[in-house]
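Structural overview for review
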Number of protein chains: 2
Amino acid sequence: MPDSNEPQVVWHEHAVTRDDRERSNGHRGCVVWLTGLSGCGKSTVANLVDHRLYQRGVRSYVLDGDNVRHGLNATPRMLAERYGQAFAERFGLGFSQQDREENIRRVGEVAKLLCDIGLVTLTAFVSPYRRDRDAIRAGMAAGDFLEVFVDASLAVCESRDPKGFYKQARAGKIKDFTGVHTPYEPPENPELVLDANNSPPELLADRVVQLLIETGKIR
Amino acid sequence: MPDSNEPQVVWHEHAVTRDDRERSNGHRGCVVWLTGLSGCGKSTVANLVDHRLYQRGVRSYVLDGDNVRHGLNATPRMLAERYGQAFAERFGLGFSQQDREENIRRVGEVAKLLCDIGLVTLTAFVSPYRRDRDAIRAGMAAGDFLEVFVDASLAVCESRDPKGFYKQARAGKIKDFTGVHTPYEPPENPELVLDANNSPPELLADRVVQLLIETGKIR
């Protein structure tokens, strides 16, 4: 896609293609996008799936909302330590709606890259806004994006509160917390809905692996 | 690395470790950071190395300055089409020194991620500033970052001018072009210097593969 209006940006064809890599891996690349409230079990399920796939010889990786915040999408305070205040203010990502949108956009771009590498890419982000998730789906080939709704009620998530976030949000120590202050928009047509109110994460992980088999991503 | 001051950011241990992936791959992950003037041959060498590694069964990937600009580090104009003007102005990356710094910072973070996945990660960016490259090295474990200076003189790069950038820069149609308007700072202690004035890219690619063998990344 050469772009005549931005002469410093030219598209390069890579010598080794995604097809080559997938053939060599023995499975397809894809993005399994887990979405749901904080505490619903996204990261737990993603890591269980990652481990099951590893045992099957499938190449996979977990992109985790919390972890990405230490590097690619560092907060202003983290960036300030290394790059100075002006840089941190310009490029650091906070938790406003716009900053969350950019957080998810960047993660989506990295997930697409990992998909191109041929990995089964598991992402575990609250990603509360339908528009942000749909934008990632729209930027990928049909079938490459598998949206998985990890469906646990706010009451269940808040009663678990594994990281104490809900307690802090209710006490006003965390602002803009999804489910407490800002809405969560469930997917309208996800590839899979996991009932995370009652089922153990091991069972939910099995269902994700099953989805990958049924959609022909892995054998 | 829990961070008590940013309660929404918590470090997760991944169930499958980098060691696990490297054992399974049969080689180490690392970042081979190619740096040099536009037209020196970085992308050509990177793609040749990628192809040689593929043929050896080594898992590798090329991160390319130009390609990344279509996704993760999209320019304001590209973002505006999809996300609107306000978003694009806040998050789009141009070609100012500060924006280039953020461009390289993000690429460095993605490269670190691919290294953690266990890939031999080849990056092909002008990355003209020593400070930016050193910041990436400083953020990685010793030995994971291999800096390769693709050394061709400005005269040679300008005479090749494969994309016509130098001609446009001299005509004032591209601003802030490295070597023409802004400096290129060569590495002081690179792991490898490639003489790209005279040697064909195939020979330079062989030398990179040799470096990977000598440093024990691959067999």
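Now for a look at the structure at hand. Residue numbering note: each chain is counted from 1, following its sequence as written. Each chain is given a letter, starting from A, and each ligand a number, starting from 1, according to the order in which they appear as written. Per-residue local features of the predicted model are confined to residues with pLDDT of at least 70, and side-chain atom pairs are confined, for both listing and counting, to 80 or more; whole-chain, interface and lining totals are unaffected and use all residues. Side-chain metrics in this entry use all non-hydrogen atoms of the structure; hydrogen atoms and water are not considered.

What follows is about helix H2 (residues 42–55) of chain A. Residues and elements named next belong to chain A. Only runs of H or I of at least four residues qualify as helices and only runs of E of at least two qualify as strands under DSSP, and these elements are numbered from the N terminus. To estimate how far a helix should extend, the number of its residues minus one is multiplied by 1.5 Å. Taking 1.5 Å per residue, 14 residues should reach 20 Å; H2 reaches 20 Å between its end C-alpha atoms and fits that length. For every residue, the accessible area (1.4 Å probe, protein chains only) is compared with the maximum for its type, and the residue is labelled buried under 20%, exposed over 50%, or partly exposed between those bounds. Listing the buried residues of H2 in full gives Lys42, Ser43, Val45, Ala46, Asn47, Val49, Asp50 and Leu53. Gly57 sits one or two positions beyond H2 and adopts a positive phi of about 80 degrees.

With that settled, the discussion passes to the relation of the copies chain B and chain A. Superposing copies: least-squares fit, C-alpha atoms only, residues required to have pLDDT of at least 70 in both. Superposing chain B onto chain A requires a rotation of 180 degrees together with a translation of 0.0 Å along the rotation axis, leaving an RMSD of 0.0 Å. Within this description, the copies of the chain are treated as partners about a two-fold rotation axis. Here 100% of the contact residues of chain B are again contact residues in chain A; the copies associate through an equivalent surface. Throughout, a contact is declared for two residues whenever any of their heavy atoms are within 4.5 Å.

Turning to its location among the elements, Ser96 of chain B is positioned in the loop between helix H5 (85–91) and helix H6 (97–117). Separated by 59 residues in sequence, Ser96 of chain B and Ala155 of chain B have C-alpha atoms that sit 24 Å apart.

Attention shifts here to unusual backbone geometry. Residues and elements named next belong to chain B. The backbone of Ser127 sits at a positive phi, close to 40 degrees, despite the residue not being glycine. Note that Ser127 resides in the loop between strand S3 (120–124) and helix H7 (130–138). Non-glycine residue Asp161 carries a positive phi angle of around 40 degrees. Position of Asp161 among the secondary structure elements: in the loop between helix H8 (154–160) and helix H9 (165–170). You can call Asp161 buried: its relative accessible area is 16%.

This part takes up the packing of H2 of chain A against helix H10 (residues 201–214) of chain A. Residue and element names in this part refer to chain A. The axes are straight lines fitted to the C-alpha atoms, using for helices just the contacting stretch, and the angles between their N-to-C directions are given from 0 to 180°. Where H2 contacts H10, the two axes come as close as 9 Å, and the packing angle between them is 55 degrees. Classified by the angle between their axes, H2 and H10 sit oblique to one another. Viewed along their axes, H2 and H10 form a crossing whose handedness is right-handed. Of H10, the residues touching H2 (which contributes Thr44, Val45, Leu48, Val49, Arg52 and Leu53) are Pro201, Glu202, Leu204, Ala205, Asp206, Val208, Val209 and Leu212. Nonpolar residues are Ala, Val, Leu, Ile, Met, Phe, Trp, Tyr, Cys and Pro. Charged residues are Asp, Glu, Lys and Arg, and all others, Gly as well, are polar. Partitioned by chemical class, the residues of the contact of H2 with H10 number 10 nonpolar, 1 polar and 3 charged. Angular relationships are summarised with four words: roughly parallel below 35 degrees, roughly antiparallel beyond 145, roughly perpendicular across 65 to 115, and oblique for the angles in between. Should the near helix be turned counterclockwise from the far one by less than a right angle, the crossing is left-handed, whereas a clockwise turn marks it as right-handed.

Residue and element names in this part refer to chain A. When a carboxyl oxygen of Asp or Glu is within 4 Å of a side-chain nitrogen of Lys or Arg, the pair counts as a salt bridge. Counted under the stated rule, the structure contains 36 salt bridges over all chains. Note that Glu109 and Lys112 form a salt bridge whose closest N and O atoms lie 3.5 Å from each other. Placement of the pair is Glu109 and Lys112 together in helix H6 (residues 97–117), with a separation of 3 residues, close to one helical turn. What makes Glu109 buried here is its relative accessible area of 11%. Of the residues examined, Lys112 reaches a relative accessible area of 25% and is grouped as partly exposed. With its nearest N and O atoms 2.7 Å apart, the salt bridge here joins Glu158 to Arg170. Of the two residues, Glu158 sits in helix H8 (residues 154–160) while Arg170 sits in helix H9 (residues 165–170), which places them 12 residues apart along the sequence. Taking relative accessible area as the criterion, Arg170 reaches 48% and is therefore assigned partly exposed. In this structure, a network of salt bridges that share partners links the residues Arg18, Glu22, Arg28 and Asp144.

It is worth spelling out the side chain of Asp50 of chain A at this point. Locating Asp50 of chain A in the fold gives a position in helix H2. Residue class for Asp50 of chain A comes out buried when judged on its relative accessible area of 0%. Other than its neighbours up to four places away in sequence, Asp50 of chain A contacts Ser60, Tyr61, Val62 and Leu122 of chain A together with Val16 and Arg21 of chain B.

Here the focus is the interface of chain B and chain A. Opposite the 71 residues of chain B that make contact, chain A presents 71 residues. Counting the surface lost from both chain B and chain A, the interface buries some 6700 Å², and carbon and sulfur atoms represent 55% of this. Polar contact is the term for a pair of N or O atoms within 3.5 Å; when the atoms are in protein, one must be able to donate a hydrogen and the other to accept it, and sequence-neighboring residues count only if both atoms are side-chain atoms. Counting across the chain B and chain A interface gives 21 residue pairs in polar contact (both at pLDDT 80 or more). When residues in the side of chain B that touches chain A are grouped by element, the largest group, 13 residues, is from H6 of chain B. Tallied by class, the residues present in the side of chain B that touches chain A amount to 30 nonpolar, 17 polar and 24 charged. Accessible-area loss on putting two parts together, using a 1.4 Å probe and summing over both, is the definition of buried area adopted here.

All names here are of chain A. Spatial ordering of the open sheet is given by S2-S3-S1-S4-S5, a layout of 5 strands whose pairing is parallel. With partners counted over all chains shown, the strands left at the sheet margins are strand S2 (60–64) and strand S5 (192–195), one partner each. With strand direction ignored, the average angle separating the axes of adjacent strands in the sheet is 20 degrees. When DSSP locates at least two bridges between a pair of strands, those strands are taken to pair. Bridge analysis of strand S1 (residues 30–35) against strand S4 (residues 145–151) gives 5 bridges, and the strand direction is parallel. In the sheet register, Thr35 faces S4, and the bridge partner there is Phe149. Across the face of the sheet, H10 comes into contact with S1, strand S3 (120–124), S4 and S5 while running at roughly 165 degrees to S5.

Treat this as a map of the structure, not an account of what it does.
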